[in-house]
Amino acid sequence: MVKYPYMTILPAVQAELTTATNRLLATVASLSDACLAAPSLLPGWTRGHVLAHIAQNADSHLNLLTWARTGVRTPQYASLAARSAAIEAAAAHSVARHLAEIEDGAARLAAAVRDMPQHAWSALVEGMRPPPHPAWYLLVRRLREVGFHHVDLNAGYTPADWPASFVRRELHDCLTSWPGNHRTVGRIELVEPGETEVVHVLGDGPTVRGTPRDMLAWLTGRSRGEGVSLVPMGRLFTSGHAGAGLPDPPPWLTMPAPADLPTTPPKDYP
């Protein structure tokens, strides 16, 4: 039996992660070895690089779960250089080997989650970027990796396939973690047919408008701005994105954890 704290978001996120991983594995199984050498949506990475990263990222999350469980600082990766070298070394693996490594990593991660003591979910850990965050948020982070990088494979899975719960959670964290020194966007208007408009004010700058799904895809670099529009504000912004006149979204490397996460696993998130 999974040792989750009573009535928290963790069982739902773990179920989402299992579903997302299975969908990813189905996409990978549909590819040929030759397909893995094709470019992904990530600059400089082939599909093989993306799959190597997904597999190795599971082990990196295991490191952080070990830190939370034992109290012994265990870095997510030995270093950025070691991370990059390991991805490069595994990028040319066959489809069968990528499948086996992703499946194995997912199984070991699920077992570690199952065996986590309840108190350890509140322990603070830290990934490659600050701030530190409680261990329960690792499930959200791993789901983020699988969901975004599945799109990055450029193999038929697109932002249109993201579950609504994934879009809601990731857009919340994206806006919450917005870099304070990035002022090209000042206001975001989220609209869905038949629903109340939601407005997020970030500071000075232009207003952009779109559905939550289209906005998340654009803000995280998974689209060129399709479905997102600039609301006229008396200034003209130009960029190379497909969305006419859109400013540049934040230059995310990896999205940091929100700074104000509750220590104990919440009943719902966000």
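Above this text you will find the structure in question.
Quick caveat, the model's predicted, so the values are computed rather than measured.

Visitor: How should I be thinking about the sheet that holds strand β4 (residues 198–201) in this particular structure?
Guide: Sheet strands pair via backbone hydrogen bonds, and the direction of the pair is either parallel or antiparallel. Pairing in this open sheet of 4 strands is mixed, and the strands run β4-β3-β5-β6 from one edge to the other. Edge strands, defined here as strands with exactly one partner in the open sheet, are β4 and β6 (229–231). Neighbour-to-neighbour, the strand axes of this sheet turn through a mean angle of 25°, independent of strand direction. Examined bridge by bridge, strand β3 (residues 187–190) and strand β5 (residues 207–210) share 4 bridges and lie parallel to one another. Within β5, the residue paired with Leu190 across the bridge is Gly210.

Visitor: Any chance you could explain unusual backbone geometry here in plain terms?
Guide: It is generally the case that most residues other than glycine have a negative phi and that most peptide bonds are trans. Here the bond from Pro130 into Pro131 is cis, since omega is 5°, no more than 30 degrees from zero. Note on placement: Pro131 falls in the loop between β1 (124–125) and β2 (133–134). Between Tyr269 and Pro270 the backbone carries a cis peptide bond, its omega angle lying at 0°. Relative to the helices and strands, Pro270 is located in the segment after β6.

Visitor: Help me out: how do you make sense of the pattern of salt bridges in this one?
Guide: In a structure, side chains of opposite charge can pair up when their charged atoms sit close to one another. Following the criterion strictly, the structure yields 12 salt bridges and no others. One salt bridge in this structure joins Asp104 and Arg108, with 2.8 Å as the shortest N-O distance. Linking Asp104 with Arg108, this pair stays in helix α4 (residues 95–114), spanning 4 residues, or about one helical turn. For Arg108, a relative accessible area of 33% corresponds to the partly exposed category. Put simply, Glu170 and Arg144 hold a salt bridge, and the shortest N to O gap is 2.5 Å. A residue pair is termed long-range when its members are at least 10 positions apart, and Glu170 in helix α6 (residues 164–176) and Arg144 in helix α5 (residues 137–152) qualify at 26 residues.

Rules behind the numbers
Each chain carries its own residue numbering, running from 1 in the written order of its sequence. Owing to the predicted nature of the model, reporting of local features is limited to residues with pLDDT of at least 70; listing and counting of side-chain atom pairs is limited to 80 or more, with chain, interface and lining totals taken over all residues. Computation of side-chain values: all heavy atoms of the structure, hydrogens and water removed. When DSSP finds at least two bridges between two strands, those strands are taken to pair. To qualify as a helix, a DSSP run of H or I must reach at least 4 residues; to qualify as a strand, a run of E must reach at least 2; elements of each kind are numbered from the N terminus. Angles run from 0 to 180 degrees between N-to-C directions of axes, and those axes are lines fitted to C-alpha atoms, restricted for helices to the stretch in contact. In what follows, salt bridge is the name for a side-chain nitrogen of Lys or Arg lying within 4 Å of a carboxyl oxygen of Asp or Glu. Buried means the residue's accessible area, taken with a 1.4 Å probe over protein chains only, is under 20% of the maximum for its type, while exposed means over 50%, and partly exposed covers the values in between.

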